[in-house]
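Per-entry structural report
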Amino acid sequence: STLVDLYGVKGSTPALRREAAIDELNDALDAAPSPRTNVVSVRVSAPSAELAQQLNRRLFDLLVDFNLRRRQSRASEERRFAEDRLAPVKAELRVAENRLQSFLQSNRDYENSPSLTFSYERLQADVVLLRQVVMTLQQSAEQAKIEEVRDTPTITLVESPSLPARPDSRGTLKFAVIGVM
């Protein structure tokens, strides 16, 4: 059976019945987050207690799956960015190293000239900075590769969905009083 069948919704087309079942399910869900404890309590009301329990479990499974795919997707994007950025930065590093090498070959006694010493220090600083950027990008790419395959859930089920001891009145008394008036 589908939720459309279980909720007994009406509609002239399958799409309308599906929309009505989604609306019913949306009305049957109640999520209460606690910012203090970072716990979200989820309550599902359904035509039967067993269905409510199954819906609760399915919602949790879907949430864990969504969270895992989102984290892996983000890690994949970070890896691609780091790898794409790495080649141009390595090329910049090679150019900076070549400039430094040319400078040193042309100016073997640069220490005795303040302007040549300044030029050397500037070229050396460029090489050091680009080496650090290359190293950071390589580390980021490796870390992102690890994150892509990591499947440790960041959502933990604190309490399994359980069958209620008694049916949920869903406001029957309130609606009866309103109906009598």
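Helices and strands together make up the secondary structure of the chain, namely five helices and two strands. Mapped in sequence order, the helices and strands of the chain form the string α-α-β-β-α-α-α. Evaluated residue by residue, the chain yields a buried proportion of 22% over its 181 residues. Long-range pairs, those at least 24 residues apart, make up 58% of the contacts in the chain with a sequence separation of at least 6.

Located in the positive-phi region is asparagine 38, a residue other than glycine, with phi close to 60 degrees. Tracing the backbone through its elements, the reader meets asparagine 38 in the loop between strand S1 (29–34) and strand S2 (39–44). Its relative accessible area of 68% is what places asparagine 38 among the exposed residues.

Before going further, it helps to spend a moment on a negative patch on the surface. A cluster of acidic side chains, namely Glu19, Asp23, Glu24 and Asp27, defines a negative patch on the protein surface. Within the element layout of this structure, aspartate 23 appears in helix H2 (residues 14–28).

The next thing to look at is the environment of arginine 17. Looking at the secondary structure, you find arginine 17 in helix H2. Using a relative accessible area of 27% as the deciding quantity, one classes arginine 17 as partly exposed. Sequence spacing of arginine 17 and valine 4 is 13 residues, and the spatial spacing of their C-alpha atoms is 6.4 Å. At 2.8 Å, the side chain of arginine 17 forms a polar contact with the backbone oxygen of glycine 11.

Once that is clear, we can look at helix H4 (residues 114–149). Compared with an ideal rise of 1.5 Å per residue, which puts 36 residues at 52 Å, H4 spans 53 Å between its outermost C-alpha atoms and is within 8% of the ideal. Contacts made by the buried residues of H4 are with helix H3 (49–106).

Let us look at H3. Taking 1.5 Å of rise per residue, the 58 residues of H3 would be expected to cover 86 Å, and the 85 Å separating its terminal C-alpha atoms lies within 8% of that figure. Remark: the principal bend of H3, roughly 30 degrees, maps to leucine 86, with a proline, proline 88, within the next four residues.

What follows is about the pattern of salt bridges. Within the structure shown, the criterion is met by six salt bridges. With a closest N to O distance of 3.0 Å, glutamate 97 and arginine 94 form a salt bridge. Taken as a pair, glutamate 97 and arginine 94 lie in helix H3 at a separation of three residues, close to a single helical turn. Through salt bridges with shared partners, a single ionic network connects Arg79, Glu83, Glu142 and Lys145.

Turning to the side chain of asparagine 56, a few remarks are in order. With respect to the element layout, asparagine 56 can be found in helix H3. Judged by relative accessible area, which is 16%, asparagine 56 ranks as buried. Beyond its immediate chain neighbours, meaning those up to four positions away, asparagine 56 contacts Val42, Val44 and Pro161.

This part covers the packing of aromatic side chains. Overall, the coordinates contain three aromatic pairs when judged by the stated rule. Joined through ring pairs, the aromatic side chains of Phe103, Tyr110 and Tyr120 make up one cluster.

Attention shifts here to the confidence of the model for the chain. Confidence in the prediction of the chain, expressed as mean pLDDT, is 84, and 84% of residues score 70 or more. Looking over the chain, one finds the lowest element-wise mean pLDDT in helix H5 (residues 172–180), namely 48, and the highest in H4, namely 94. Confidence drops under a pLDDT of 50 for residues 172–177, and excluding neighbours within four residues, the segment shows one contact in the predicted structure.

About the thresholds
Residues numbered from 1 in each chain as written. Predicted model: local features only at pLDDT ≥ 70, side-chain atom pairs only at ≥ 80, totals over all residues. Heavy atoms only, no water. Helix = DSSP H or I, 4+ residues; strand = E, 2+ residues; numbered from the N terminus. Buried < 20%, exposed > 50% of the residue type's maximum accessible area, 1.4 Å probe, protein only. Contact = heavy atoms within 4.5 Å. Patch = residues over 30% accessible without salt bridge, like charges linked within 9 Å, V, L, I, M, F, W, Y side chains within 5 Å. Areas by Shrake-Rupley, 256 points an atom, 1.4 Å probe, with all protein chains shown as cover. Salt bridge = Lys/Arg side-chain N within 4 Å of Asp/Glu carboxyl O. Lys, Arg positive; Asp, Glu negative; His and termini not counted. Charge placed at Lys NZ, Arg CZ, Asp CG, Glu CD. Polar contact = N/O pair within 3.5 Å; in protein donor to acceptor, adjacent residues only side chain to side chain. Expected span 1.5 Å × (residues − 1). Bend = angle between axes of the 7 residues up to and from the residue. Phe/Tyr/Trp six-rings, centres within 6.5 Å; stacked < 30°, edge-to-face > 60°. pLDDT = per-residue confidence, 0-100.

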